[in-house]
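Examining the three-dimensional arrangement
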Amino acid sequence: MSPSFRKTSKVVPQRLTDLNYDVCIVGAGLSGAVLAERYANVLQKKVIVIEKRSHIGGNCYDYIDQKSGILMNLYGAHLFHTDSEKVWRYINQWSEEVPWIRWDHEVRAVVDGKLVPVPVNINTVNSLFGLNFRNTSEMTSWLNSVQKKCDGNCVNAREMAESRVGSVLFQKIFASYTKKQWDKDASELEPLVTARIPVRNDFDQRYFSDRFQALPKHGYTKWFERILRSERITVQLNTDYFALKDLRCGKMFFTGPIDTYFSKEGLPKLEYRSIRFEKTILHNSGFFQPASVVNYPEPDVPFTRIVEYKHFLWQKSDYTVIVKEFSTDDGEPYYPVPKKTNIALYEKYKELANEAEKKSSIFFVGRLATYKYINMDRAILLALEMFEKIENRTR
């Protein structure tokens, strides 16, 4: 966190003396930061944001590596994309200070010893199957011939993937990658896991097809610093909300794991996956790999992907930084595990959340609090809509 943010914002030491706030927010990620900004700037409310980590920004947090000078994410690459004009307008309110730069993300995967585009497109199929498709008509016809249709009734992630790319491509690209990512066979996971992955019938090599795709020119942390810059917002870092005593809040928003909040209710814990990052700095004025992200779906490679941050926004350095990502059960909760038993258990937590909301004006928002994987734009939109619904305000 920059010294300028500390000087222009209320970032307080761990000992909290002021205990009275209109709005208390647990978590300084996207959901929490957006709600803090809205309450402070629209309704002029006195807000405190309580964060257990040493920084703001949640998993979007980024920093400049001291040795290489490269801007990189601490918790894995974050690529912003959206079709929502409302969200796009919101994040660009401060564009004079923290501008966003167009960035069309591309991903490659190492499959059968070849580097191929992901999502699957014409080039992917031509390379892996020795074909020579030249247009969307040929690609569409091939996809129709290999897809195992389930007519909207796919019961798991495997059926969903095979309904979109067929059995052979599923085995080559999705099966082992899914196992590494989730430590579960695709047949154990909900269809939404593979429903999110696009399939192209053309030569488009972009990972996303959204209208708006961008990265913050100065990094996500600088953007978070700007939206939280207000005399009405107090940011309390390195603090466990549950250890605070006598905090008085008009309203409270909780963005952490919902099972942590209700840990004394006797329910089993929800299941999450985390990521272990292995960072390497190389003396290389060029690049280690041809794209910012290269996936390794095959089972003999222990990591899921390598991210080379130098690619993002065309950074220059005599060094490059690569990060291998290993999915694990240990560590910070990143991804809710979408299988039927977890979803059923979450419904019990949701009932507790609904009761708490009625009794004490506490609201649960964000990926961990609602036990759903949501993209960045969706997190922003849900926070905006929650604010508007509660306060009867529209934009």
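Structural notes, computed from the coordinates. The structure displayed is predicted, hence computed values, not measured ones.

**Quick word on the sheet that holds strand β10 (residues 212-216)**
Read across the open sheet, the three strands follow the order β6-β10-β7; overall the sheet is antiparallel. Strand pairing shows two members of the sheet lacking a second neighbour, β6 (80-82) and β7 (100-102), which therefore form its edges. Averaged over all pairs of adjacent strands, the angle between strand axes in this sheet comes to 40°, irrespective of strand direction. In terms of strand pairing, β7 meets β10 through three bridges, oriented antiparallel. Bridged to I101 within β10 is L215. Those strands touched by helix α8 (residues 220-227) are β6, β7 and β10, and its axis lies near 90° from that of β10.

**A closer look at helix α6 (residues 157-182)**
Residues spaced three or four apart along an α-helix point in a common direction, a consequence of the helix completing one turn every 3.6 residues. Its 26 residues give α6 an end-to-end C-alpha distance of only 12 Å, which falls more than 12% under 38 Å, the value for a rise of 1.5 Å per residue. At G166, α6 shows its maximal kink, close to 115°. A positive backbone phi angle near 55° is found at D183, which sits one or two residues after α6.

**So, the packing of aromatic side chains**
Under the definition given, this model contains 35 aromatic pairs. Seen in terms of ring centroids, W182 and Y335 are 6.0 Å apart; in terms of plane orientation they differ by 65°. Their pairing is edge-to-face. With W182 in helix α6 and Y335 in strand β17 (residues 335-336), this residue pair connects regions lying 153 residues apart in the sequence. The same class applies to W182 as to Y335, namely buried. Their ring planes at 65° and their centres at 6.0 Å tell us that F254 and F364 sit as a pair that is edge-to-face. With F254 in strand β12 (residues 248-254) and F364 in strand β18 (residues 362-364), the pair connects residues that are 110 residues apart, well separated along the chain. Taken together, the ring pairs connect F80, W88, Y90, W94, W100, F212, Y220, W223 and F224 into an aromatic cluster. The ring of Y75 has R53 sitting right over it, with the charged end atom 4.1 Å from the ring centre. The ring of F326 has R276 lying over it, and the distance from NZ or CZ to the ring centre is 4.1 Å.

**Section: the pattern of salt bridges**
Tallied over the full model, the rule gives 28 salt bridges. The partner of D65 in a salt bridge is K279, and the shortest N-O contact between them spans 2.7 Å. Here K279 lies in strand β13 (residues 272-283) and D65 lies in the loop between β4 (62-64) and β5 (71-73), a separation of 214 residues in the sequence. Residue D65 is classed as buried on the basis of its relative accessible area, which comes to 5%.

**A few points about a negative patch on the surface**
Taken together, the side chains of E265, E347, E351 and E355 make up a negatively charged region of the molecular surface. Relative to the elements of secondary structure, E351 occurs in helix α10 (residues 340-360).

**Side note on the state of the cysteines**
Counting across every chain of the model gives two disulfides. With a sulfur-sulfur separation of 1.6 Å, C150 is cross-linked through a disulfide to C154. Here the cysteine-cysteine linkages of the protein are recorded as 1-4, 2-3, numbering only bonded cysteines and doing so in sequence order.

**Quick notes on the nonpolar core**
In summary, soluble globular proteins display a tendency toward joint burial of nonpolar side chains. By size, the foremost hydrophobic cluster in this structure holds 115 residues, and its most contacted members are V47, Y90, W223, L228, F312, F364 and I380. Here this core takes nine residues from α6, the largest share from any one element. Counting residues in hydrophobic clusters, the runner-up holds seven residues, among them V294, Y296, V301 and F326.

**Let's talk about the pairing of strand β11 (residues 233-236)**
Successive residues of a regular strand alternate their side chains across the two faces of the sheet. Of the two faces of β11, the one carrying I233 and V235 and the one carrying T234 and Q236 are both buried. Here strand β3 (residues 47-50) pairs with β11 via four bridges, running parallel. For I48, the partnering residue across the bridge sits in β11 and is T234.

**Some points on the pairing of β3**
Here β3 shows a buried face lined by V47 and V49 and a second buried face lined by I48 and I50. Sheet analysis places strand β2 (residues 20-26) next to β3, joined by four bridges and oriented parallel. Residue C24 lies in a different strand from β3, and its bridge partner there is I48. Crossover β2 to β3 through helix α2 (residues 30-41) is right-handed.

**Thoughts on the side chain of S68**
Within the secondary structure layout, S68 lies in the loop between β4 and β5. Of the residues examined, S68 reaches a relative accessible area of 8% and is grouped as buried. Polar side-chain contacts of S68 include one of 3.2 Å to the backbone nitrogen of I70. Filtering out sequence-adjacent residues up to four positions away, S68 remains in contact with S317, Y319 and V321.

Conventions adopted
Residues numbered from 1 in each chain as written. Predicted model: local features only at pLDDT ≥ 70, side-chain atom pairs only at ≥ 80, totals over all residues. Heavy atoms only, no water. Pairing = 2+ DSSP bridges. Helix = DSSP H or I, 4+ residues; strand = E, 2+ residues; numbered from the N terminus. Axes fitted to C-alpha atoms, helices over the stretch in contact; angles between N-to-C directions. Contact = heavy atoms within 4.5 Å. Expected span 1.5 Å × (residues − 1). Bend = angle between axes of the 7 residues up to and from the residue. Phe/Tyr/Trp six-rings, centres within 6.5 Å; stacked < 30°, edge-to-face > 60°. Buried < 20%, exposed > 50% of the residue type's maximum accessible area, 1.4 Å probe, protein only. Lys NZ or Arg CZ within 6 Å of the ring centre and 35° of its normal. Salt bridge = Lys/Arg side-chain N within 4 Å of Asp/Glu carboxyl O. Patch = residues over 30% accessible without salt bridge, like charges linked within 9 Å, V, L, I, M, F, W, Y side chains within 5 Å. Areas by Shrake-Rupley, 256 points an atom, 1.4 Å probe, with all protein chains shown as cover. Lys, Arg positive; Asp, Glu negative; His and termini not counted. Charge placed at Lys NZ, Arg CZ, Asp CG, Glu CD. Disulfide = S-S within 2.5 Å. Core = buried A, V, L, I, M, F, W, Y, C linked by side-chain atoms within 4.5 Å. Right-handed = clockwise from strand over helix to strand, strands pointing away. Polar contact = N/O pair within 3.5 Å; in protein donor to acceptor, adjacent residues only side chain to side chain.

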